[in-house]
Amino acid sequence: MKVIVTVVEKITSEAHIDIPDGLDESAIKQRIVDRYNTGQMSVDMNIFQVDFESISAQIVKEHSTKSA
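As a convention, each chain's residues are numbered from 1 in the sequence order in which they are written. Only residues with pLDDT of 70 or above have their local features reported here, since the model is predicted, and side-chain atom pairs are shown and tallied only from 80 upward, although totals for entire chains, interfaces and linings are computed over all residues. The basis for every side-chain value is the complete set of heavy atoms in the structure, and neither hydrogens nor water enter the calculation.

**Observations regarding the overall build of the protein**
The way it works is that DSSP assigns letters per residue, a run of H or I at least four long becomes a helix, a run of E at least two long becomes a strand, and they are numbered from the N terminus. Summing up its helical and strand segments, the protein has one helix and two strands in all. Starting at the N terminus and ending at the C terminus, the protein contains elements arranged as β-α-β. Just to be clear, the radius of gyration here is over C-alpha atoms, and the globule rule we use is 2.2 Å times residues to the power 0.38. Expected size for 68 residues packed as a compact globule is a radius of gyration near 11 Å; at 22 Å, the protein overshoots this value by more than 25%. When its C-alpha atoms are laid out on the principal axes, the protein stretches across 80 × 25 × 20 Å. Counting all 68 residues of the protein, 1% fall into the buried class. In this description, contact between two residues means that some pair of their heavy atoms is separated by no more than 4.5 Å. Across the protein, contacts joining residues at least 24 apart in sequence account for 83% of those joining residues at least 6 apart. His is not counted, nor are the chain ends, whereas Lys and Arg count as positive and Asp and Glu as negative. For charged residues, the charge sits on one atom: NZ in Lys, CZ in Arg, CG in Asp, CD in Glu. Positive and negative side-chain charges in the protein, numbering 7 and 11 respectively, have mean positions lying 16 Å apart. Burial classes: relative accessible area under 20% of the type maximum marks a residue as buried, over 50% as exposed, and values in between as partly exposed (1.4 Å probe, protein chains only).

**Regarding the environment of Asn46**
Within the fold, Asn46 resides in strand E2 (residues 46-60). Note on Asn46: relative accessible area 51%, which makes it exposed. In this structure the C-alpha to C-alpha distance between Asn46 and Glu14, which are 32 residues apart in sequence, comes to 5.4 Å.

**Structural notes on the pattern of salt bridges**
Criterion for a salt bridge: a side-chain nitrogen of Lys or Arg within 4 Å of a carboxyl oxygen of Asp or Glu. Across all of its chains, the model carries two salt bridges by this definition. For Lys29, the salt bridge is made with Glu25, and the minimal N-O distance between the two is 3.2 Å. Of this pair, Lys29 and Glu25 both sit in helix H1 (residues 25-37), four residues apart, which is roughly one turn of the helix. With respect to class, Lys29 is no different from Glu25; both count as exposed. Here Arg35 makes a salt bridge to Asp44, at a shortest N to O gap of 2.8 Å. For Asp44, a relative accessible area of 25% puts it in the partly exposed group.

**Brief notes about the environment of Met41**
Tracing the chain through its elements places Met41 in the loop between H1 and E2. The buried category is assigned to Met41, whose relative accessible area is 7%. Linking Met41 and Glu14, residues 27 residues apart in sequence, is a C-alpha distance of 9.9 Å. Not counting residues up to four positions away in its chain, the partners in contact with Met41 are Ala15, Ile17, Ile32, Arg35 and Tyr36.

**Some points on a nonpolar patch on the surface**
Together, Met1, Val3, Val5, Val7, Phe52, Ile55 and Ile59 line one region of the surface with nonpolar side chains, adding up to about 760 Å² of accessible area. Put simply, the parts of the chain that give the nonpolar patch at least two residues each are strand E1 (2-14) and E2. Within the secondary structure, Met1 is located in the segment before E1. Patch building starts from residues that exceed 30% relative accessible area and form no salt bridge, then joins like charges within 9 Å and nonpolar side chains (Val, Leu, Ile, Met, Phe, Trp, Tyr) within 5 Å. Each accessible area value is a Shrake-Rupley result obtained with a 1.4 Å probe; residue values ignore everything except the protein chains displayed when judging cover.

Right, dumping it as structure tokens:
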């Protein structure tokens with residue numbers, strides 16, 4: 001018997017990055033978004049928390065092929 005198990009989790013990652021002093025809120029947000037979109041932030045990301053959302057299982061019926 002085969003069973004397909006699906007687990008849904010919400011993962012929260014955290015990165016500690018350096019941002020130049022003197023930027024306003026809008027410029028800080030833009031710097032963060034730009035780093036994220038270019039993939040530069042992914043090397044700094046660490047899993048901070050994992051929240052379990054749900055788990056489900058589906059039984060897969062296998063068909064045997066018999067030759068006559």
